[in-house]
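# Reading the structure
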Amino acid sequence: MAGEILVLVEQMRGALKSTALQAMTAGAQLAAAHGTTAVAVVAGEGAEQTSAALGEHGAARVIALDADTTDRTAWAAAVAGVARKLSPAAVLLAHTTLGKDLGPRIAALLDAPMASDCVAVRSEGGAIVARRPVFAGKALVHVSGANGLLVVSIRPNALSAQKSPAAGSLEREAATPPSTGLGDVLKEVIASAQKKIELTEAAIIVSGGRGLKGPENFAMIEELAGALGAAVGASRAVVDAGWRPHGEQVGQTGKTVAPQLYIAVAISGAIQHLAGMRTAKYIVAINKDPEAPIFKVADYGIVGDAFEIVPRLTAAVKALKAQG
Amino acid sequence: MKIVACVKRVPSTDTRIKVGADGASIDTAQVEWIINPYDEFAVEAALRVKEAAGSGEVVVVTLGPADAARELKTCLAMGADRALLLKDAEASRRDALATATVLAAAIRELKPDLVLCGKQAVDNDQGQVGLLLAHLLGMPCVTEIVKLSVADGKAAVERAGDEGTTERHEVTLPAVFTCQKGLNEPRYANLKGIMAAKKKPLDERDAGPVPARLNVAGLELPAARPDGRIVGTDAAAVDELVRLLRHEAKVI
Ligand SMILES: Cc1cc2nc3c(=O)[nH]c(=O)nc-3n(C[C@H](O)[C@H](O)[C@H](O)COP(=O)(O)OP(=O)(O)OC[C@H]3O[C@@H](n4cnc5c(N)ncnc54)[C@H](O)[C@@H]3O)c2cc1C
Ligand SMILES: Nc1ncnc2c1ncn2[C@@H]1O[C@H](COP(=O)(O)O)[C@@H](O)[C@H]1O
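So, how was this worked out
Residues numbered from 1 in each chain as written. Chains lettered and ligands numbered in written order. Predicted model: local features only at pLDDT ≥ 70, side-chain atom pairs only at ≥ 80, totals over all residues. Heavy atoms only, no water. Helix = DSSP H or I, 4+ residues; strand = E, 2+ residues; numbered from the N terminus. Buried < 20%, exposed > 50% of the residue type's maximum accessible area, 1.4 Å probe, protein only. Contact = heavy atoms within 4.5 Å. Areas by Shrake-Rupley, 256 points an atom, 1.4 Å probe, with all protein chains shown as cover. Lys, Arg positive; Asp, Glu negative; His and termini not counted. Charge placed at Lys NZ, Arg CZ, Asp CG, Glu CD. Near = heavy atom within 4 Å. Polar contact = N/O pair within 3.5 Å; in protein donor to acceptor, adjacent residues only side chain to side chain. Nonpolar A, V, L, I, M, F, W, Y, C, P; charged D, E, K, R; others polar. Pairing = 2+ DSSP bridges. Axes fitted to C-alpha atoms, helices over the stretch in contact; angles between N-to-C directions. Patch = residues over 30% accessible without salt bridge, like charges linked within 9 Å, V, L, I, M, F, W, Y side chains within 5 Å. Salt bridge = Lys/Arg side-chain N within 4 Å of Asp/Glu carboxyl O.

Okay, the overall build of chain B next. Along its length, chain B carries 6 helices and 13 strands. The dimensions of chain B, computed from C-alpha atoms along their principal axes, are 65 × 45 × 40 Å. Here chain B, with 252 residues, has 53% of them falling under the buried criterion. A sequence separation of at least 24 residues applies to 70% of the contacts in chain B between residues at least 6 apart. Of the accessible surface of chain B, which amounts to about 11100 Å², a share of 50% is contributed by carbon and sulfur atoms. Distance between charge centroids for chain B: 3 Å, based on 33 positive and 36 negative side chains.

We now examine the site of ligand 1. Residues and elements named next belong to chain A. For ligand 1, the set of nearby residues contains 27 residues, the closest of which are R210, S235, T253, S268 and N287. Contact distances for ligand 1 include 3.4 Å between an oxygen atom and a backbone N or O atom of G254. Mapped by element, the contributors of at least two residues to the shell around ligand 1 are α6 (236-240), α7 (271-277) and α9 (306-323). When its residues are assigned to classes, the shell around ligand 1 shows 7 nonpolar, 14 polar and 6 charged.

What follows deals with the sheet that holds strand β4 (residues 38-43) of chain A. Residues and elements named next belong to chain A. Sheet architecture is open: 7 strands sit in the order β7-β11-β6-β1-β4-β5-β12, paired in parallel fashion. What marks the edges here is a single partner per strand, and that holds for β7 (114-118) and β12 (169-174). Between one strand axis and the next, the sheet turns through 25° on average, direction left out of account. As paired elements, β7 and strand β11 (residues 150-154) share 3 bridges and run parallel to each other. If you follow A115 over to β11, its bridge partner there is V152. Running over the sheet, helix α3 (residues 72-86) touches β1 (5-9), β4, β5 (59-66), β6 (90-94) and β12 and is turned about 135° from β5. Against the sheet, helix α4 (residues 99-110) engages β1, β6, β7 and β11, with an angle of about 165° to β6.

All names here are of chain B. There is a patch of nonpolar side chains on the surface, built from L191, I194 and M195 and spanning about 310 Å² of accessible area. With respect to the secondary-structure elements, I194 resides in helix α5 (residues 191-197). In this structure I194 comes out as partly exposed when scored by relative accessible area, which is 39%.

What follows concerns the environment of T73 of chain A. All names here are of chain A. Structurally, T73 can be placed in helix α3. A relative accessible area of 18% places T73 in the buried class. Residues T73 and I106, spaced 33 residues apart in sequence, show a C-alpha to C-alpha distance of 8.9 Å.

Within the open sheet, the 6 strands sit side by side as β15(A)-β14(A)-β16(A)-β17(A)-β18(A)-β13(B). Their pairing is parallel. Each edge of the sheet is formed by a strand with only one pairing partner; in this case those strands are β15 (231-234) of chain A together with β13 (230-233) of chain B. For this sheet, the mean angle separating the axes of adjacent strands, direction not counted, is 15°. As defined by bridge partners, strand β16 (residues 261-265) of chain A adjoins strand β17 (residues 282-287) of chain A across 5 bridges and the pair is classed as parallel. Residue pairing across strands places V265 of chain A opposite I286 of chain A, the latter belonging to β17 of chain A. Contacts from α9 of chain A reach β16, β17 and β18 (300-303) of chain A within the one sheet, and its direction differs from that of β17 of chain A by about 135°.

Now the structure itself:
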């Protein structure tokens, strides 16, 4: 059946990330509005184990794709192969580290336009219309494909995963190999000292700014983040000073994040920082300057010294978690 | 070694965005333009690869309006050898696929060994052109690189993978890479560079028709966040904050 909604789902040894279920939910809801069904495509070791969870979240069918997921050219080619057979109305995926790399590859192979990092997607007059932030969230556009098929990546945490049971019947599919053998060889994946929560996918983020005065004082931020199960972020001032790695920078020239909760500690709230976090569901600001612009966007602010407040907050959170 | 760096001019990051008369693009009347910050990393990386090789040519390419010659001149002053302006008055509104198609046609003629892009242009925030360009040119692509070295027709690059990992790739040239913050610190153009840039070639030609592949139905400003609220001062306010986060916001 042509015109379905194809959802590319990320999985790791049979486990689905929350962002994958969010994309699946978006696909199922879009399919219902578009008068069609959602089809999930999964690849890699353990892919077949995901069919029950995907069915619960609205996948009518689950295609387990036998593709080499260590090679993104091959992976994209395999997904594009499935899309060519199905000729769907849209291909959805999460705008994660992986999704933002795979999405344009798939779009290119299908010669289809792509809407990146979307916060909503709907069916309107027979077309798929995506809503996406531009200018670092200072504006939003509504876009649709000029002739049919649209690839859409969904911003992590912009939509919540919801159950809507469908059949989730499992099918297996052999991969279409890439047409060209391209010379990109992944030589090595170096693990970090500790497994990090991906900033753009974190439900809670604690970020520190220049007011923390030195890299050693980020221990306090890490401890609060640890208590909350949060990822650590930083302002550019802190990254440029070499206190924190580039990958932690939040803002217009860093990462754009949309967590449930964003705690900004000793960050002034410059426009370029706000650009990266203003769509967080709740914002907390801790700053000693009551005039700091961050308070204008903060749902909850505490005026005062971070060195006093943060340890107290960490202790309070730990106490709360201990109670359950 | 011929290296192409793709640069786009974008509104300065502190621009206040206003909706234009067409309701689908921004009002550019008061906008101050800058080189897309990630494209500065691309230009710097191109210059360093050339310098390390001891010879070669760095060509900067833009699809932009006639005024974008200004940003190209800045790149020439940084040290690029020549510039190519593909003129399109509506360039800032072009979608990624349309942009990549035009750029690919021009870049193919240049027969580069290496094509460098920014990871994302901070106007439309698409993050697609590098990968699309690579496909159209039939070259491999690694995105968001933070390390690059070139030797013997191969590039060694690094990028951040999932969950804090670092991926190390070895890529046979020609290839396309998109540049992430952390790759380098872009140099400033000095007076000598600015003087030298005056004599460097800046070719201009019309981009020709650029068929749209993505239609923009409308542009709007986001709903304003409700006004901020101060819970209290100093550590005394912590208990109230925790209560609000748990019972009002329900996020912890
Ligand atoms: C092109 C461009 C791109 C940029 N991109 C980004 C970006 O992506 N991300 C980004 O963050 N910035 C970006 N910036 C920089 C931005 O303009 C600001 O300079 C930066 O965000 C400031 O960082 P900060 O808030 O940590 O430092 P500051 O502005 O110095 O603020 C420090 C804050 O700490 C408070 N403070 C001090 N001591 C204490 C204490 N003991 N307790 C509590 N509070 C305290 C102060 O009151 C102050 O508000 C960009 C700038 C440009 C020009
Ligand atoms: N109009 C353009 N002219 C030249 N390069 C561009 C243009 N648009 C995008 N690029 C390049 O592609 C990168 C990614 O752009 P985008 O996909 O729009 O986020 C940019 O950082 C530039 O290097």
